[in-house]
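Residue-level structure breakdown
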Amino acid sequence: MTSSDWANPYGVRKPYGSNGPANGFPDAEARATFSADHPLVPWKQPDHMDQWVDVDHSGEQLKRFLARWPTLDELLDGGSGDGRVVIVSGLPGMGKTSLIHRCIHEARQRVAKGASEAGDPLAVCVPTAGLMNDGHRISVGPDGSFAPVELINTRIRKEIAKRLLRHAFPEERVRSIVAEEDPYQAYGDMRDLLDQHNALLFAVIPHIRWNDAGLRTDFLRSCLSAAHPRIVLFVEVSHGAAETAREEVAATLHGSAAVTHLALRELDAEDIWRFSHSARAANGGPGGLVEPDRSSLVAAHSEWRPSDVRELRRVFHSAADALRSAPHPWPIDADALRPHWERRRAGRASLLRDPIPPRSGG
């Protein structure tokens, strides 16, 4: 990373840290913290909207989400009997967390539009495993082993409770919700509390590496039972095969209209061009770089075969960094990208080839 990461159109401004004057810096751009890859969080970092790119069929899935999104009255109506569960599935690194955050952003926009009739409800957003949505932090027990399901559920409720307290919800009521042993009753009490304060809860549940498929299905079903009115759960599910995801979500649905399943798929040849073109257009293009030929990037797919969106962003970011010091304008085409994707490919091959050294001390 260099001090001029702002010039790299593929860098992502982190939605925390030294990002602006609020931290005592007059020049927000000069002090912003950038990453080669970070989930996009437009509901928290507005300029992340400019970096949204329709790859891996995410645009199609976003339209599906919006088409199935209920009216504000339906979300708030305690007589409807249902909250909402949005399950986002796909291969690791395909942008599931970014899609979840984008859905939350769009949902908040719709809540704001209907607020005049509903008395301006408060939208409380809770990433229960942080903005990176790392499920490891809530699924590992004190001894390093996989945590019991009861402990995982309690940790999720504790993260929700922390955010409710920040919004000045009554501490005694919030603490009693965390202490409640019955998850269904706990979320029912939470629904009553949200109703009293005219609030909506958007909670993000991370992918958890369940060691048993039955446990995973039971957990997804428990998410459905937890989604009372005013409570919307966004649940991330990673799978090695899309068919497994479809089967598992189908087992969870029970024909419920309260569940929306969004499935991200593998990258295709056009995605490399879409990513390059959209990112450059949104950022105006850095000085010294020129627009690449579309056919060059589309053709690169057959040679490169990027495994996921994370690799796509990191390779483009690395190439753009290298070309900032080029002696003359140069497009980020297949020739510019090749050494960077080959370096990553060689690194993966080395990890697979080299034996894992034994632990010291037995």
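The shown structure was predicted, so the numbers you read here are calculated from the model rather than taken from an experiment.

A pair of packed helices is characterised by two quantities: the angle between their axes and the separation of those axes. It is at 11 Å that the axes of helix 2 (residues 58-68) and helix 4 (residues 96-113) come closest, and there the two elements cross at 35 degrees. The two elements helix 2 and helix 4 meet at a crossing, and its hand is right-handed. Contacts from Ser58, Gln61, Leu62, Phe65 and Leu66 of helix 2 reach helix 4 at Leu99, Arg102, Cys103, Glu106, Ala107 and Arg110. Per-class residue counts for the contact of helix 2 with helix 4 are 6 nonpolar, 2 polar and 3 charged.

One open sheet accounts for 5 strands, arranged 4-5-6-3-7; its pairing is parallel. Of all strands in the sheet, those with a lone pairing partner are strand 4 (122-127) and strand 7 (259-263), marking the two edges. Put simply, the sheet's adjacent strands are angled 15 degrees from each other on average, direction ignored. Of the strand pairs in this sheet, strand 3 (residues 84-90) and strand 6 (residues 231-238) are connected by 7 bridges, and their pairing is parallel. Bridging from a neighbouring strand, Val85 pairs with Leu233 of strand 6.

Next up on the list: the confidence of the model for the chain. Atom-level detail of predicted coordinates should not be read off regions where pLDDT is low. Residues at a pLDDT of 70 or more form 79% of the chain, whose mean pLDDT is 82. Mean pLDDT in the chain bottoms out at helix 1 (residues 28-31), which sits at 50, and peaks at strand 5 (residues 199-205), which reaches 96. Ignoring residues within four places in sequence, the model shows residues 1-6, a span with pLDDT below 50, making 12 contacts including any to other chains. Low pLDDT, under 50, characterises residues 19-30; the stretch is placed with 17 contacts to residues that sit more than four places away or in other chains.

So, about the packing of aromatic side chains. Given two aromatic rings, one states the distance between the centres and the angle between the planes to describe the pair. By the definition in use, this model includes 9 aromatic pairs. With a centroid separation of 6.2 Å and an interplanar angle of 40 degrees, the aromatic rings of Trp69 and Phe202 are classed as tilted. Placement of Trp69 in the loop between helix 2 and helix 3 (72-76) and of Phe202 in strand 5 is noted, with a sequence separation of 133 residues between them. As far as burial versus exposure is concerned, Trp69 and Phe202 are alike and both buried. Ring centres of Trp304 and Phe316 lie 6.3 Å apart, and the angle between their planes is 45 degrees; this geometry places the pair in the tilted category. In this pair, Trp304 is assigned in helix 13 (residues 294-304) and Phe316 in helix 14 (residues 309-323), connecting sequence segments 12 residues apart.

What follows covers the packing of helix 7 (residues 149-166) against helix 9 (residues 183-196). With their axes 12 Å apart at the nearest point, helix 7 and helix 9 run at an angle of 15 degrees to one another. Relative to helix 9, helix 7 is oriented roughly parallel. Where helix 7 crosses over helix 9, the handedness of that crossing is left-handed. Of helix 9, the residues touching helix 7 (which contributes Ile156, Arg157, Ile160 and Leu164) are Pro183, Ala186, Tyr187, Met190 and Leu194. When grouped by side-chain class, the residues that make up the contact of helix 7 with helix 9 number 8 nonpolar, no polar and 1 charged.

Turning our eyes to something else, we now look at the environment of Ser222. Here Ser222 is to be found in helix 10 (residues 213-226). Classification of Ser222 by relative accessible area gives partly exposed; the value is 24%. The spacing of Ser222 and Tyr184 is 38 residues in sequence and 8.2 Å in space, taken between C-alpha atoms.

For the structure on display, the rule yields 15 salt bridges. With a closest N to O distance of 3.4 Å, Arg265 and Glu60 form a salt bridge. With Arg265 in the loop between strand 7 and helix 12 (269-283) and Glu60 in helix 2, the pair connects residues that are 205 residues apart, well separated along the chain. Given a relative accessible area of 35%, Arg265 falls into the partly exposed group. Across the pair Arg191 and Asp192 runs a salt bridge whose closest N-O atoms are separated by 2.8 Å. A relative accessible area of 22% places Arg191 in the partly exposed class. The network of salt bridges with common partners includes Asp37, Arg310 and Arg313.

Residues spaced three or four apart along an α-helix point in a common direction, a consequence of the helix completing one turn every 3.6 residues. Within the span of helix 8 (residues 171-179), buried status applies to Val174, Ile177 and Val178. Along the long axis of helix 8, the arc covered by the buried residues comes to 100 degrees, so they all point the same way. Turned more than 90 degrees from where helix 8 packs its buried face, Glu172 and Ala179 sit exposed. Looking at the packing, one finds that the buried side of helix 8 touches helix 7 and helix 9.

In terms of burial, strand 6 is largely enclosed, as 8 of its 8 residues are buried. Judged by which residues are buried, strand 6 turns out to be covered on both faces: Ile231, Leu233, Val235 and Val237 on one side and Val232, Phe234, Glu236 and Ser238 on the other are all buried. By the bridge criterion, 5 bridges tie strand 5 to strand 6 in an arrangement that is parallel. Residue pairing across strands places Ile205 opposite Val235, the latter belonging to strand 6.

As a further point, take unusual backbone geometry. Of note, the phi angle at Asp56 is positive, near 45 degrees, even though the residue is not glycine. Along the chain, Asp56 turns up in the loop between strand 2 (34-35) and helix 2. The class for Asp56 is buried, based on a relative accessible area of 2%. For His57, which is not glycine, the phi torsion reads 65 degrees and is therefore positive. Note on placement: His57 falls in the loop between strand 2 and helix 2.

What counts and how
Residues numbered from 1 in each chain as written. Predicted model: local features only at pLDDT ≥ 70, side-chain atom pairs only at ≥ 80, totals over all residues. Heavy atoms only, no water. Axes fitted to C-alpha atoms, helices over the stretch in contact; angles between N-to-C directions. Helix = DSSP H or I, 4+ residues; strand = E, 2+ residues; numbered from the N terminus. Left-handed = near helix turned anticlockwise from the far one by under 90°. Contact = heavy atoms within 4.5 Å. Nonpolar A, V, L, I, M, F, W, Y, C, P; charged D, E, K, R; others polar. Pairing = 2+ DSSP bridges. pLDDT = per-residue confidence, 0-100. Phe/Tyr/Trp six-rings, centres within 6.5 Å; stacked < 30°, edge-to-face > 60°. Buried < 20%, exposed > 50% of the residue type's maximum accessible area, 1.4 Å probe, protein only. Parallel < 35°, antiparallel > 145°, perpendicular 65-115°, else oblique. Salt bridge = Lys/Arg side-chain N within 4 Å of Asp/Glu carboxyl O. Arc of directions from axis to C-beta.

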